[in-house]
Amino acid sequence: MKFYVISQTYQSWGGEKQGLSKSLLKSFSLVTATAIGCISIATSATAATATFSFAFGSAGTGNGQFNFPFGIAVGSGGNIYVADTANNRVQVFDSSGVFQSTFGSAGSGNGQFNFPFGIAVGSGGNIYVADANNSRVQIFNSSGVFQSTFGSSGSGNGEFDAPVGIAVGSGGNIYVADANNNRVQVFSQSQPPVSTPEPSGIIGLGILGGGLVVRRLAKRR
């Protein structure tokens, strides 16, 4: 079993470096106290006996470089997906840490990020990104092409205040660590939970199977 460990010590939040808040630290488990901005990979049966294997990445903005990488996920094909938080992008590497591709840029439009923190890969290959400062989750296909988004700023059901952690269960449910609201929200995929925004649409929220379903309803023309 391989363990992928993000190495970083501070947060460049709004252009100023400051210590990670407790709410953010609660959402992540494998963070080490080094400042080289790289990914460390260890191979072992248990974390307690993990043996260092190799590392990749360095500080910067180029391909394969990082500025506060925080979220990490591994797809079924072995690709490594890294939320390169302060560079407002996701980088994709093969299982050996060789750069493959990148997607995303700074902003609030579809496919853009404002501090992407958490990242997860679903069983179908879709990539889920917790876009923290945009108070939403964005979904991309396995090629990094934007598919849909859900969530907005607030404290109600389906709303977020700094979503930083995300996971997708084997049954398809989406679990989001809503840090500043001090809760975890669960979204069901029993029906499509999201859809690509359309100018003529309106958002509908409902409860299905114990999870919040976010759907876009087309407005009659």
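Since the model is a prediction, treat every value here as computed from it, not as a measurement. Residue indices follow the written sequence of each chain, beginning from 1 at its first position. Local features are withheld for residues below a pLDDT of 70 in this predicted model, meaning they are given only at 70 or higher, and side-chain atom pairs are given and counted only at 80 or more; totals for whole chains, interfaces and linings count all residues. The basis for every side-chain value is the complete set of heavy atoms in the structure, and neither hydrogens nor water enter the calculation.

1. Details of the overall build of the chain
Helices and strands together make up the secondary structure of the chain, namely one helix and 23 strands. Relative accessible area decides the class of each residue, using a 1.4 Å probe on protein chains only: under 20% of the type maximum gives buried, over 50% gives exposed, and in between gives partly exposed. Put simply, the chain has 221 residues, and 45% of those count as buried. Considering only intrachain contacts with a sequence separation of at least 6, the fraction spanning at least 24 residues in the chain is 43%. By the criteria applied, helices consist of DSSP H or I runs no shorter than four residues and strands consist of E runs no shorter than two, each listed in order from the N terminus. We call two residues in contact whenever any of their non-hydrogen atoms come within 4.5 Å of each other.

2. Focus: the packing of aromatic side chains
Centre distance within 6.5 Å is the pairing criterion for rings of Phe, Tyr and Trp, where only the six-membered ring of Trp is used; planes under 30 degrees apart are then read as stacked, over 60 as edge-to-face, and the remainder as tilted. Within this structure, the stated rule accounts for 14 aromatic pairs. Between the aromatic rings of Phe54 and Phe56, the centroid separation amounts to 6.5 Å while the plane-to-plane angle is 35°, which identifies the pairing as tilted. On the basis of relative accessible area, Phe54 is assigned to the partly exposed category, the value being 22%. A ring pair is formed by Phe140 and Phe146, whose centres lie 6.0 Å apart and whose planes are at 80°; its orientation type is edge-to-face. Accessibility assignment for this pair places Phe140 and Phe146 in one class, buried.

3. A look at the side chain of Thr85
Turning to its location among the elements, Thr85 is positioned in the loop between β10 (80–84) and β11 (89–93). Setting aside residues no more than four positions away along its own chain, Thr85 makes contact with Asn67, Phe68, Pro69, Phe70, Phe115, Pro116 and Phe117.

4. Some thoughts on the sheet that holds strand β12 (residues 99–103)
Read from one edge of the open sheet, four strands run β9-β10-β11-β12, paired in antiparallel fashion. Lying at the two open borders of the sheet, with one neighbouring strand each, are β9 (69–74) and β12. Across this sheet, the average inter-strand angle for adjacent strands is 20°, counted without regard to direction. Criterion used throughout: strands pair if DSSP finds at least two bridges between them. Two strands pair when backbone bridges link them, and β11 and β12 are joined in this way by four bridges, in the antiparallel orientation. Bridged to Gln91 within β12 is Thr102. Inter-axis angles, ranging from 0 to 180 degrees, are taken between N-to-C directions of lines fitted to C-alpha atoms, where helices are fitted over the stretch in contact.

5. Focus on the pattern of salt bridges
Salt bridges, as used here, are contacts in which a Lys or Arg side-chain nitrogen is within 4 Å of a carboxyl oxygen on Asp or Glu. Under the criterion given, the structure shown has three salt bridges. The partner of Arg136 in a salt bridge is Asp131, with the nearest N and O atoms 2.8 Å apart. Here the two residues Arg136 and Asp131 agree in accessibility, since each one is buried.

6. Concerning the sheet that holds strand β13 (residues 116–121)
Read across the open sheet, the four strands follow the order β13-β14-β15-β16; overall the sheet is antiparallel. Looking at the sheet topology across the chains shown, the edges are occupied by β13 and β16 (146–150). In this sheet, neighbouring strand axes are inclined to one another by 20° on average, regardless of whether the strands run parallel or antiparallel. Pairing of strand β14 (residues 127–131) with strand β15 (residues 136–140) involves five bridges; the strand directions are antiparallel. Among the inter-strand pairings, Tyr128 is bridged to a residue of β15, identified as Ile139.

7. What to know about unusual backbone geometry
We note that Ser135 has phi near 50°; this positive angle belongs to a residue other than glycine. Secondary-structure assignment places Ser135 in the loop between β14 and β15.

8. Some remarks on the confidence of the model for the chain
In this model, the chain carries an average pLDDT of 78, and 66% of its residues clear a pLDDT of 70 or more. For every residue, the predictor states its confidence as a pLDDT score lying anywhere from 0 to 100. pLDDT under 50 marks residues 7–36. Its contacts with residues more than four places away, or in other chains, come to 57 contacts. Every residue in residues 196–221 scores below 50 in pLDDT, and together they form 58 contacts with partners more than four places removed in sequence or on other chains.

9. Points about the nonpolar core
Grouped burial of nonpolar side chains is what soluble globular proteins tend to show. Nine residue types can take part in a nonpolar core, namely buried Ala, Val, Leu, Ile, Met, Phe, Trp, Tyr and Cys, and a core is a set of them joined through side-chain atoms within 4.5 Å. With twelve residues, the main nonpolar core is built from Ala73, Tyr81, Ala83, Val90, Val92, Phe103, Phe113, Ile119, Ile127, Val129, Phe140 and Phe146. Counting only elements with at least two residues in this core, the list comes to β10, β11 and β14. Those residues in contact with Val90 that lie beyond four places of it in its chain are Val82, Ser101, Thr102, Phe103, Phe113, Ile119 and Val129. Tyr128, Val137, Phe150 and Val176 belong to the second largest nonpolar core, which has eleven residues in total.

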